[in-house]
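Fold and geometry: a report
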Amino acid sequence: MNIDLSNQTILVTGASRGIGRATARALADAGATVAVHYGHSKQAAREVADACGPDARPFQADLTDLADTDRLVEDVLDAYGQLHTLVLNAGVARSMPLDADTADWADDWNDTMHVNLRAPELLCRHALPHFQSKGGGRIVSIASRAAFRGDTPDYMSYAASKAGLVALTRSVARGFGDDGIKAFTLAPGFTRTDMAQDFIDTYGAHHVTSDLALSDLTEPDDIAPFVAFLASGQADHATGTTIDLNAGSYVH
Ligand SMILES: NC(=O)c1ccc[n+]([C@@H]2O[C@H](COP(=O)([O-])OP(=O)(O)OC[C@H]3O[C@@H](n4cnc5c(N)ncnc54)[C@H](OP(=O)(O)O)[C@@H]3O)[C@@H](O)[C@H]2O)c1
(Lines give C-alpha, C1' and ligand atoms only; values in the text may rest on other atoms or scores of the structure.)
Protein backbone atom coordinates (compact mmCIF):
# COMPACT_ATOMS: atom_id res chain seq x y z
CA MET A 1 0.00 0.00 0.00
CA ASN A 2 1.31 3.39 -0.98
CA ILE A 3 0.44 6.55 0.93
CA ASP A 4 0.94 9.55 -1.31
CA LEU A 5 0.06 12.95 0.15
CA SER A 6 1.96 14.96 -2.45
CA ASN A 7 -1.20 16.83 -3.52
CA GLN A 8 -2.11 17.81 0.05
CA THR A 9 -1.56 20.80 2.31
CA ILE A 10 -2.03 19.75 5.93
CA LEU A 11 -2.17 21.89 9.07
CA VAL A 12 -0.95 20.09 12.19
CA THR A 13 -1.63 21.94 15.44
CA GLY A 14 0.91 21.49 18.22
CA ALA A 15 3.51 20.27 15.75
CA SER A 16 6.47 21.68 17.67
CA ARG A 17 6.77 18.71 20.03
CA GLY A 18 5.63 15.18 20.82
CA ILE A 19 2.93 13.49 18.74
CA GLY A 20 2.44 16.56 16.55
CA ARG A 21 6.12 16.70 15.63
CA ALA A 22 6.18 12.99 14.69
CA THR A 23 2.95 13.47 12.72
CA ALA A 24 4.27 16.47 10.80
CA ARG A 25 7.35 14.50 9.80
CA ALA A 26 5.37 11.41 8.76
CA LEU A 27 3.02 13.55 6.63
CA ALA A 28 5.97 15.31 5.01
CA ASP A 29 7.66 11.94 4.35
CA ALA A 30 4.48 10.96 2.48
CA GLY A 31 4.80 14.09 0.36
CA ALA A 32 2.46 16.54 2.09
CA THR A 33 3.10 20.25 2.44
CA VAL A 34 2.90 20.74 6.19
CA ALA A 35 1.84 23.87 8.06
CA VAL A 36 3.63 23.45 11.40
CA HIS A 37 1.59 25.16 14.09
CA TYR A 38 3.14 26.01 17.46
CA GLY A 39 2.26 28.03 20.51
CA HIS A 40 5.38 28.88 22.46
CA SER A 41 8.14 26.57 21.14
CA LYS A 42 9.30 28.76 18.26
CA GLN A 43 12.76 27.27 17.75
CA ALA A 44 11.43 23.71 17.96
CA ALA A 45 8.75 24.51 15.37
CA ARG A 46 11.38 26.04 13.08
CA GLU A 47 13.39 22.83 13.32
CA VAL A 48 10.31 20.68 12.56
CA ALA A 49 9.48 22.85 9.54
CA ASP A 50 13.09 22.57 8.31
CA ALA A 51 12.89 18.78 8.65
CA CYS A 52 9.59 18.72 6.74
CA GLY A 53 11.06 20.12 3.54
CA PRO A 54 11.20 23.44 1.69
CA ASP A 55 7.43 24.02 1.52
CA ALA A 56 6.79 23.54 5.26
CA ARG A 57 6.39 26.67 7.36
CA PRO A 58 5.83 27.38 11.05
CA PHE A 59 2.63 29.21 12.10
CA GLN A 60 2.30 30.69 15.59
CA ALA A 61 -0.97 30.90 17.51
CA ASP A 62 -1.59 30.71 21.24
CA LEU A 63 -4.66 28.48 21.38
CA THR A 64 -5.79 30.00 24.68
CA ASP A 65 -6.20 33.26 22.76
CA LEU A 66 -9.40 33.68 20.76
CA ALA A 67 -7.98 36.13 18.21
CA ASP A 68 -4.86 34.02 17.61
CA THR A 69 -6.93 30.89 17.13
CA ASP A 70 -9.42 32.67 14.91
CA ARG A 71 -6.77 33.68 12.38
CA LEU A 72 -4.74 30.45 12.18
CA VAL A 73 -6.62 28.75 9.32
CA GLU A 74 -6.70 32.05 7.43
CA ASP A 75 -2.93 32.45 7.88
CA VAL A 76 -2.41 28.99 6.38
CA LEU A 77 -4.78 29.73 3.50
CA ASP A 78 -3.01 33.05 2.87
CA ALA A 79 0.29 31.19 2.67
CA TYR A 80 -0.77 28.18 0.59
CA GLY A 81 -4.16 29.02 -0.92
CA GLN A 82 -5.51 25.62 0.08
CA LEU A 83 -5.97 23.19 2.92
CA HIS A 84 -6.88 19.54 2.53
CA THR A 85 -6.53 18.09 6.02
CA LEU A 86 -6.67 19.62 9.49
CA VAL A 87 -4.98 17.67 12.28
CA LEU A 88 -6.31 18.81 15.68
CA ASN A 89 -3.43 17.66 17.85
CA ALA A 90 -2.40 20.49 20.20
CA GLY A 91 -3.37 19.78 23.77
CA VAL A 92 -2.65 20.37 27.43
CA ALA A 93 -3.07 18.15 30.48
CA ARG A 94 -2.62 19.81 33.85
CA SER A 95 -3.00 18.31 37.26
CA MET A 96 -5.48 20.23 39.44
CA PRO A 97 -6.53 18.79 42.82
CA LEU A 98 -10.10 19.23 44.11
CA ASP A 99 -8.89 21.36 47.01
CA ALA A 100 -7.04 23.82 44.78
CA ASP A 101 -7.70 27.51 45.08
CA THR A 102 -10.92 28.35 43.20
CA ALA A 103 -9.17 30.80 40.88
CA ASP A 104 -6.50 28.20 39.98
CA TRP A 105 -9.22 25.57 39.43
CA ALA A 106 -11.13 27.92 37.12
CA ASP A 107 -7.97 28.89 35.22
CA ASP A 108 -7.12 25.24 34.65
CA TRP A 109 -10.59 24.42 33.32
CA ASN A 110 -10.58 27.53 31.10
CA ASP A 111 -7.14 26.89 29.61
CA THR A 112 -7.75 23.17 29.15
CA MET A 113 -11.10 23.73 27.49
CA HIS A 114 -9.67 26.47 25.29
CA VAL A 115 -6.71 24.49 23.96
CA ASN A 116 -8.31 21.04 23.81
CA LEU A 117 -11.87 21.86 22.72
CA ARG A 118 -12.58 25.52 21.94
CA ALA A 119 -9.59 25.85 19.61
CA PRO A 120 -10.57 22.73 17.61
CA GLU A 121 -14.13 24.07 17.39
CA LEU A 122 -12.93 27.47 16.09
CA LEU A 123 -10.48 25.89 13.66
CA CYS A 124 -13.27 23.68 12.30
CA ARG A 125 -15.47 26.75 11.94
CA HIS A 126 -12.92 28.19 9.50
CA ALA A 127 -11.78 24.98 7.81
CA LEU A 128 -15.25 23.57 7.08
CA PRO A 129 -16.41 26.36 4.71
CA HIS A 130 -13.10 26.05 2.86
CA PHE A 131 -13.54 22.28 2.59
CA GLN A 132 -17.13 22.80 1.40
CA SER A 133 -15.96 25.22 -1.29
CA LYS A 134 -13.35 22.68 -2.48
CA GLY A 135 -15.70 19.69 -2.48
CA GLY A 136 -14.25 18.01 0.59
CA GLY A 137 -11.53 17.74 3.21
CA ARG A 138 -10.50 15.72 6.23
CA ILE A 139 -10.15 16.33 9.93
CA VAL A 140 -8.15 14.09 12.24
CA SER A 141 -8.60 14.80 15.95
CA ILE A 142 -6.16 13.54 18.55
CA ALA A 143 -8.37 12.86 21.55
CA SER A 144 -7.42 10.42 24.30
CA ARG A 145 -8.33 7.18 26.00
CA ALA A 146 -9.38 9.48 28.85
CA ALA A 147 -12.41 10.58 26.81
CA PHE A 148 -13.85 7.08 27.22
CA ARG A 149 -12.74 5.83 30.59
CA GLY A 150 -12.25 9.14 32.39
CA ASP A 151 -9.02 10.12 34.10
CA THR A 152 -7.66 10.49 37.60
CA PRO A 153 -9.57 13.07 39.70
CA ASP A 154 -6.94 15.77 39.22
CA TYR A 155 -7.13 15.40 35.41
CA MET A 156 -10.93 15.65 35.13
CA SER A 157 -10.75 18.77 32.97
CA TYR A 158 -8.54 16.91 30.53
CA ALA A 159 -10.89 13.93 30.23
CA ALA A 160 -13.93 16.18 29.85
CA SER A 161 -12.27 18.27 27.15
CA LYS A 162 -11.29 15.16 25.18
CA ALA A 163 -14.80 13.72 25.40
CA GLY A 164 -16.00 17.01 23.93
CA LEU A 165 -13.47 16.70 21.12
CA VAL A 166 -14.76 13.22 20.26
CA ALA A 167 -18.33 14.54 20.07
CA LEU A 168 -17.23 17.53 17.99
CA THR A 169 -15.40 15.29 15.52
CA ARG A 170 -18.31 12.88 15.20
CA SER A 171 -20.68 15.81 14.66
CA VAL A 172 -18.49 17.01 11.80
CA ALA A 173 -18.48 13.53 10.27
CA ARG A 174 -22.24 13.29 10.68
CA GLY A 175 -23.17 16.78 9.55
CA PHE A 176 -20.76 17.36 6.67
CA GLY A 177 -20.47 13.97 4.97
CA ASP A 178 -22.65 15.20 2.11
CA ASP A 179 -20.03 17.90 1.49
CA GLY A 180 -17.31 15.29 1.06
CA ILE A 181 -15.86 16.04 4.49
CA LYS A 182 -14.57 13.16 6.62
CA ALA A 183 -13.62 13.34 10.28
CA PHE A 184 -11.79 10.78 12.39
CA THR A 185 -10.64 10.51 15.98
CA LEU A 186 -7.48 8.87 17.28
CA ALA A 187 -7.53 8.05 20.97
CA PRO A 188 -4.02 7.38 22.25
CA GLY A 189 -3.20 6.03 25.66
CA PHE A 190 0.05 7.05 27.34
CA THR A 191 2.57 8.08 24.72
CA ARG A 192 6.16 9.01 25.45
CA THR A 193 6.13 12.84 25.26
CA ASP A 194 6.57 15.81 27.59
CA MET A 195 2.87 15.52 28.48
CA ALA A 196 3.16 11.89 29.60
CA GLN A 197 6.35 12.71 31.49
CA ASP A 198 4.43 15.17 33.68
CA PHE A 199 2.02 12.36 34.60
CA ILE A 200 4.85 9.87 35.16
CA ASP A 201 6.55 12.38 37.46
CA THR A 202 3.32 12.62 39.49
CA TYR A 203 2.20 8.96 39.56
CA GLY A 204 5.31 6.95 38.67
CA ALA A 205 6.17 4.85 35.62
CA HIS A 206 4.44 1.76 37.03
CA HIS A 207 1.05 3.49 37.01
CA VAL A 208 1.52 4.19 33.31
CA THR A 209 2.63 0.72 32.18
CA SER A 210 0.72 -1.53 34.60
CA ASP A 211 -2.51 -1.57 32.55
CA LEU A 212 -0.91 -2.19 29.14
CA ALA A 213 -1.01 -5.49 27.26
CA LEU A 214 2.25 -4.53 25.57
CA SER A 215 5.38 -4.17 27.65
CA ASP A 216 6.63 -1.00 26.03
CA LEU A 217 5.19 2.51 26.14
CA THR A 218 3.62 3.89 22.93
CA GLU A 219 5.90 6.29 21.03
CA PRO A 220 4.80 9.31 18.93
CA ASP A 221 5.97 7.37 15.86
CA ASP A 222 3.35 4.70 16.70
CA ILE A 223 0.60 7.32 16.29
CA ALA A 224 1.84 9.31 13.29
CA PRO A 225 1.32 6.66 10.53
CA PHE A 226 -2.37 6.45 11.44
CA VAL A 227 -2.76 10.17 10.73
CA ALA A 228 -1.06 9.74 7.35
CA PHE A 229 -3.34 6.80 6.52
CA LEU A 230 -6.51 8.70 7.50
CA ALA A 231 -5.37 11.78 5.57
CA SER A 232 -4.70 9.70 2.46
CA GLY A 233 -8.36 9.00 1.69
CA GLN A 234 -7.90 5.25 1.89
CA ALA A 235 -9.95 5.10 5.10
CA ASP A 236 -12.74 7.52 4.17
CA HIS A 237 -15.49 5.01 4.89
CA ALA A 238 -14.32 4.96 8.49
CA THR A 239 -15.47 8.56 8.88
CA GLY A 240 -16.92 9.20 12.33
CA THR A 241 -14.87 6.44 13.85
CA THR A 242 -12.41 6.42 16.74
CA ILE A 243 -9.23 4.37 16.60
CA ASP A 244 -7.83 3.34 19.97
CA LEU A 245 -4.03 3.41 20.17
CA ASN A 246 -3.32 2.43 23.73
CA ALA A 247 -0.93 -0.56 23.73
CA GLY A 248 -3.81 -2.94 24.43
CA SER A 249 -4.97 -1.37 27.67
CA TYR A 250 -8.64 -2.23 26.95
CA VAL A 251 -7.82 -5.94 26.72
CA HIS A 252 -5.46 -6.19 29.66
N1 LIG B 1 1.27 11.92 25.50
C2 LIG B 1 0.21 11.21 25.88
O3 LIG B 1 0.31 10.31 26.73
C4 LIG B 1 -1.13 11.45 25.23
C5 LIG B 1 -2.15 10.50 25.43
C6 LIG B 1 -3.38 10.69 24.84
C7 LIG B 1 -3.62 11.82 24.07
N8 LIG B 1 -2.62 12.73 23.90
C9 LIG B 1 -2.94 13.92 23.10
O10 LIG B 1 -2.04 14.05 22.02
C11 LIG B 1 -1.88 15.42 21.69
C12 LIG B 1 -0.40 15.75 21.65
O13 LIG B 1 0.12 15.56 22.97
P14 LIG B 1 1.66 15.37 23.28
O15 LIG B 1 1.77 14.27 24.24
O16 LIG B 1 2.45 15.35 22.03
O17 LIG B 1 1.91 16.74 24.08
P18 LIG B 1 3.19 17.66 24.22
O19 LIG B 1 4.43 16.91 23.91
O20 LIG B 1 3.04 18.31 25.54
O21 LIG B 1 2.95 18.74 23.05
C22 LIG B 1 1.84 19.56 23.11
C23 LIG B 1 1.75 20.40 21.85
O24 LIG B 1 0.59 21.24 21.97
C25 LIG B 1 0.97 22.59 21.81
N26 LIG B 1 0.24 23.48 22.70
C27 LIG B 1 -0.02 23.32 24.02
N28 LIG B 1 -0.62 24.40 24.52
C29 LIG B 1 -0.76 25.28 23.49
C30 LIG B 1 -1.28 26.58 23.37
N31 LIG B 1 -1.81 27.26 24.40
N32 LIG B 1 -1.25 27.18 22.17
C33 LIG B 1 -0.72 26.55 21.11
N34 LIG B 1 -0.18 25.32 21.16
C35 LIG B 1 -0.21 24.69 22.33
C36 LIG B 1 2.44 22.65 22.15
O37 LIG B 1 3.02 23.74 21.43
P38 LIG B 1 4.14 24.74 22.08
O39 LIG B 1 5.11 23.94 22.87
O40 LIG B 1 4.73 25.36 20.85
O41 LIG B 1 3.36 25.73 22.89
C42 LIG B 1 2.96 21.29 21.68
O43 LIG B 1 3.32 21.34 20.32
C44 LIG B 1 -2.64 16.21 22.76
O45 LIG B 1 -3.90 16.60 22.28
C46 LIG B 1 -2.79 15.20 23.88
O47 LIG B 1 -3.91 15.47 24.68
C48 LIG B 1 -1.39 12.57 24.46
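Provided above is the structure to which this section pertains.
Read on for an overview of the structure.

Counting secondary structure elements, the protein chain contains nine helices and seven strands. Along the first, second and third principal axes, the C-alpha atoms of the protein chain reach 50 × 40 × 35 Å. Across the 252 residues in the protein chain, those meeting the buried criterion constitute 45%.

Packing of helix α1 (residues 18–29) against helix α9 (residues 220–232) leaves a shortest axis separation of 8 Å and a crossing angle of 50°. Relative to α9, α1 is oriented oblique. The two elements α1 and α9 cross, and the hand of that crossing is right-handed. Contacts between α1 and α9 involve Gly-18, Ile-19, Arg-21, Ala-22, Thr-23, Ala-26 and Leu-27 from the first element and Pro-220, Asp-221, Ile-223, Ala-224, Pro-225, Val-227, Ala-228 and Ala-231 from the second. Partitioning the contact of α1 with α9 into residue classes produces 11 nonpolar, two polar and two charged.

The next subject is the pairing of strand β1 (residues 9–12). Bridge count between β1 and strand β2 (residues 33–38): four bridges; the pairing is parallel. Across the sheet, residue Thr-9 finds its bridge partner in β2, namely Thr-33. In terms of strand pairing, β1 meets strand β4 (residues 85–88) through three bridges, oriented parallel. Its bridge partner being in β4, Leu-11 is matched across the sheet by Leu-86.

What follows covers the site of the ligand. Around the ligand sit 28 residues, and of these Gly-14, Gly-18, Gly-39, Gly-91 and Thr-193 come closest. Residue assignment for the shell around the ligand shows that the elements contributing at least two residues are α1 and α7 (194–203). Here the residues of the shell around the ligand are counted per class, giving 12 nonpolar, 13 polar and three charged.

Three or four residues apart is the spacing at which side chains of an α-helix point the same way, because the helix has 3.6 residues per turn. Given a rise of 1.5 Å per residue, 33 residues ought to cover 48 Å, and the 46 Å separating the end C-alpha atoms of helix α4 (residues 102–134) matches this to within 8%. Of all the bends in α4, the greatest measures close to 45° and is centred on His-114. A positive backbone phi angle near 85° is found at Gly-135, which sits one or two residues after α4.

What follows covers the sheet that holds strand β7 (residues 242–245). Read across the open sheet, the seven strands follow the order β3-β2-β1-β4-β5-β6-β7; overall the sheet is parallel. Every interior strand has two partners, whereas the edge strands, β3 (57–60) and β7, have only one. Taken over all neighbouring pairs, the strand axes of this sheet differ in orientation by 20° on average, direction set aside. By the bridge criterion, four bridges tie β4 to strand β5 (residues 137–142) in an arrangement that is parallel. Its bridge partner lying in β5, Thr-85 is registered against Arg-138.

Rules behind the numbers
Residues numbered from 1 in each chain as written. Predicted model: local features only at pLDDT ≥ 70, side-chain atom pairs only at ≥ 80, totals over all residues. Helix = DSSP H or I, 4+ residues; strand = E, 2+ residues; numbered from the N terminus. Buried ≥ 20, exposed ≤ 12 C-beta atoms within 10 Å, placed from the backbone. Axes fitted to C-alpha atoms, helices over the stretch in contact; angles between N-to-C directions. Parallel < 35°, antiparallel > 145°, perpendicular 65-115°, else oblique. Left-handed = near helix turned anticlockwise from the far one by under 90°. Contact = placed C-beta atoms within 7 Å. Nonpolar A, V, L, I, M, F, W, Y, C, P; charged D, E, K, R; others polar. Pairing = 2+ DSSP bridges. Near = placed C-beta within 6 Å. Expected span 1.5 Å × (residues − 1). Bend = angle between axes of the 7 residues up to and from the residue.

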